[in-house]
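Fold and contact review
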Amino acid sequence: MIAVYPGSFDPITLGHLDVIERGCRLFEQVIVAVLINPLKTPLFTVQQRIEQIRCCTQHLTNLEIDSFDGLTVTYVKNRQAQVLLRGLRVLSDFEYELQMAHTNKSLLPQIETVFLATSNEYSFLSSSLVKEIAKLGGPVSHLVPKNVALDLE
Ligand code: ADP
């Protein structure tokens, strides 16, 4: 079974990496798909984000890293994947994620969204929080992979 894990990953955090590692244990293949979103102004380019993910996932043999634009379900269909992988941190995530899961199912009925509950130590962690701390000169090495901490510095 192939799972697509879509997101902005601007940048990848230890919370994302935890979901990726656990997903790789559950599915035959996981595709991390970086969304090219013209409505957002990211800190890192898509190419930089792909490189950041590649650098910290060398140990995962059943992982592929890619980028996409347009509808997530179109990408999922083109890749012949059966599962959309997403992470859940807090209750506020749930409302948005459930709406997305229902929307995606209405567009592509055969798709199943699988949610992985965040590991406890990463439940507060988001890319925006990391960027805010880094901007204010705080330490982020306990929140992101080593290579990303260097990029943020
Ligand atoms: P998006 O813009 O699609 O929300 P993100 O990169 O912010 O992209 O998140 C991608 C996915 O990873 C989402 O399902 C999000 O809930 C999940 N995620 C983000 N941070 C964590 C974390 N610390 N623990 C578990 N899941 C997370």
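For clarity, every value in this text was computed on a predicted model and none was experimentally measured.

Now for the sheet that holds strand E1 (residues 2–7). Strand order in the open sheet made by the 5 strands is E3-E2-E1-E4-E5, with parallel pairing throughout. Of all strands in the sheet, those with a lone pairing partner are strand E3 (63–68) and strand E5 (112–117), marking the two edges. Taking each pair of neighbouring strands and ignoring which way they run, the sheet shows an average axis angle of 30 degrees. For strand E4 (residues 83–88) and E5, the ladder comprises 6 bridges, and the chain directions are parallel. Paired with Leu88 across the strands is Ala117, a residue of E5. Along the sheet, helix H1 (residues 14–26) makes contact with E1, strand E2 (29–35), E3, E4 and E5, crossing E5 at roughly 120 degrees.

Within the largest apolar cluster, 33 residues are counted, with the highest numbers of intra-cluster contacts made by Tyr5, Ile20 and Leu63. Residue assignment for this core shows that the elements contributing at least two residues are E1, H1, E2, helix H2 (46–56), E3, E4 and helix H6 (146–152). Take this core: its biggest share by element is 5 residues, from H1. Discounting residues that sit within four places of it in the chain, Ile20 has contacts with Tyr5, Ile12, Val32, Leu60 and Leu63.

Scoring rules and cut-offs
- Residues numbered from 1 in each chain as written.
- Predicted model: local features only at pLDDT ≥ 70, side-chain atom pairs only at ≥ 80, totals over all residues.
- Heavy atoms only, no water.
- Pairing = 2+ DSSP bridges.
- Helix = DSSP H or I, 4+ residues; strand = E, 2+ residues; numbered from the N terminus.
- Axes fitted to C-alpha atoms, helices over the stretch in contact; angles between N-to-C directions.
- Contact = heavy atoms within 4.5 Å.
- Core = buried A, V, L, I, M, F, W, Y, C linked by side-chain atoms within 4.5 Å.
- Buried < 20%, exposed > 50% of the residue type's maximum accessible area, 1.4 Å probe, protein only.

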